[in-house]
Amino acid sequence: MSAKIIDGKAIAAQIRSELTERISELKRKGITPRLAAVLVGDDPASAVYVGTKKKTADAMGMASEVIERPARTSFAELETLIRELNARKDLHGYIVQSPLPDHLDEAALVDLIDPAKDIDGFHPENVGAMTLGFPRFLPCTPAGIVELLVRSGIKIPGTETVILGRGNIVGRPMSILLSLKSPKGDSTVTLCHSRTRDLAAHCRRADILILAMGRPESVTGDMIKPGATVIDVGINRVDDSSTPKGYRLVGDAHFPSVSEVAGAITPVPGGVGPMTVAMLMSNTVMAAEAQTSRP
Ligand code: NAP
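Remember, predicted model here, so these are calculated numbers, not experimental data.

Trainee: How should the overall build of the protein chain be read in this particular structure?
Mentor: On a plain count of helices and strands, the protein chain comes out with 10 helices and 11 strands. Over its C-alpha trace the protein chain gives a radius of gyration of 19 Å, about what one expects of a compact globule, namely 19 Å for 295 residues. Seen through its principal axes, the protein chain has C-alpha atoms that stretch 55 × 40 × 35 Å. Taking all 295 residues of the protein chain together, the buried fraction comes to 49%. Residue pairs at least 24 apart in sequence account for 70% of intrachain contacts in the protein chain once pairs closer than 6 positions are excluded. If you sum the accessible surface of the protein chain, you get close to 13700 Å²; carbon and sulfur atoms cover 54% of it.

Trainee: Help me understand the site of the ligand in this model?
Mentor: In the region of the ligand, 19 residues are neighbours, and Arg166, Ser194, Val233, Ile235 and Thr276 sit closest. A distance of 2.7 Å separates an oxygen atom of the ligand from a polar side-chain atom of Arg166. In the environment of the ligand, a nitrogen atom lies 3.3 Å from a nitrogen or oxygen atom belonging to the side chain of Arg215. Protein contact buries 69% of the 930 Å² of open area that the ligand shows by itself. Of the residues forming the shell around the ligand, the biggest block, three residues, is contributed by helix H10 (residues 272-292). For the shell around the ligand, the per-class residue count stands at seven nonpolar, 10 polar and two charged.

The rules behind each value
- Residues numbered from 1 in each chain as written.
- Predicted model: local features only at pLDDT ≥ 70, side-chain atom pairs only at ≥ 80, totals over all residues.
- Heavy atoms only, no water.
- Helix = DSSP H or I, 4+ residues; strand = E, 2+ residues; numbered from the N terminus.
- Rg over C-alpha atoms; globule rule 2.2 N^0.38 Å.
- Buried < 20%, exposed > 50% of the residue type's maximum accessible area, 1.4 Å probe, protein only.
- Contact = heavy atoms within 4.5 Å.
- Areas by Shrake-Rupley, 256 points an atom, 1.4 Å probe, with all protein chains shown as cover.
- Near = heavy atom within 4 Å.
- Polar contact = N/O pair within 3.5 Å; in protein donor to acceptor, adjacent residues only side chain to side chain.
- Nonpolar A, V, L, I, M, F, W, Y, C, P; charged D, E, K, R; others polar.

In C-alpha cells:
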C-alpha cells in the first residue's frame, strides 16, 4: 500500500478539543449549548448515528436529547413538534434524522426548521447562503471533508475534483463548497451521477476524488490517477460471516487496490464519519453563540 491514510478520528478529536474552550466560555455566561435529534421510526443505522451524536455532545459538556417518534407518526404531528422545538429558548439546534419513513415529505419538514437552529445545514435558506458564498451553517459531511483536506495539508485551489454522487446531503453541497471562490475552494469540480457516461474516465482525471454513491467497493485502483486524494464517504454494510455481527462496513472504494495507487485515502470506518459528527458539534456551538449574543 502506498497511500497515506487520512485519520478522520484524530482530526475530528482535534476539532472537538478546539470547541471545548468555546463551550466553557458559554458556560461561564450560564449557557449550556443544547442539541436535539428527532428520530422517527426504528431504522437501526439511524439509531446508531443519533446515539453517537448524543454521546459525543454529552462527552463535550453539552446538553443533548433524542426525541423518538414511531414510524407511523403523521406529518402534522411532526410539524407540531418542529414548531415546539423552534420556540424553545433552551434548545440551540436540532436535526431531524434522515431517512424518514416514506409517507413523510422530508423536504417540507426541513423547510419548517428555524434556519437559526438548523445545525444540519439542510434548510433552503442555509443552502442558499452557502451557494452564494456567505455561509452560516454548512452541511456537516461536506464541511467535514473540507476540514479533512485542509488539515491534512492537501491543497485544494487549482485542483480537479471529481465527485461521484449528487445527493443533497453530500455530493451536491460538496460540489458547491469546493468550487467557491475561496482558499478552501477554487477547485474545478465535476459532479457525476448515475447518468454519467464513462465514470472511470472522469475518475482518472481527479486530483481529489470524492466517493458518495453508496455502492460498495465499486471504485477500483485502475480508476485512480496516481497520487490522487480519495475521500470515501460511502458507508455500506456487506455480509461477512466471519464477524460477530455478520457484516462489515466498507466504503465505495475497493480499498486494497485504490490505496495502491492513491496518494492519500480516508478509511471506512474512521475517515469521514467522525468528521460529520464533529462538524455537527461545531454548528451547535455556533448556534448557541449566535442565539445568545442577540440583544
Ligand atoms: P444519495 O442521496 O442516495 O445519492 C447517491 C448518488 O449516487 C446519487 O446522485 C446517484 O445518482 C449516484 N449513483 C448511484 N449509483 C451510481 C453509479 N453507478 N454511478 C454513478 N453515480 C451513481 O446518497 P447520499 O445520502 O449522498 O449517501 C451516499 C453514501 O454516503 C451512502 O453510502 C451513505 O451511507 C454515505 N454517507 C456517509 C456519511 C458520513 O458521515 N460518512 C454521511 C452521509 C452519507 P442519481 O442522482 O443519478 O440517482
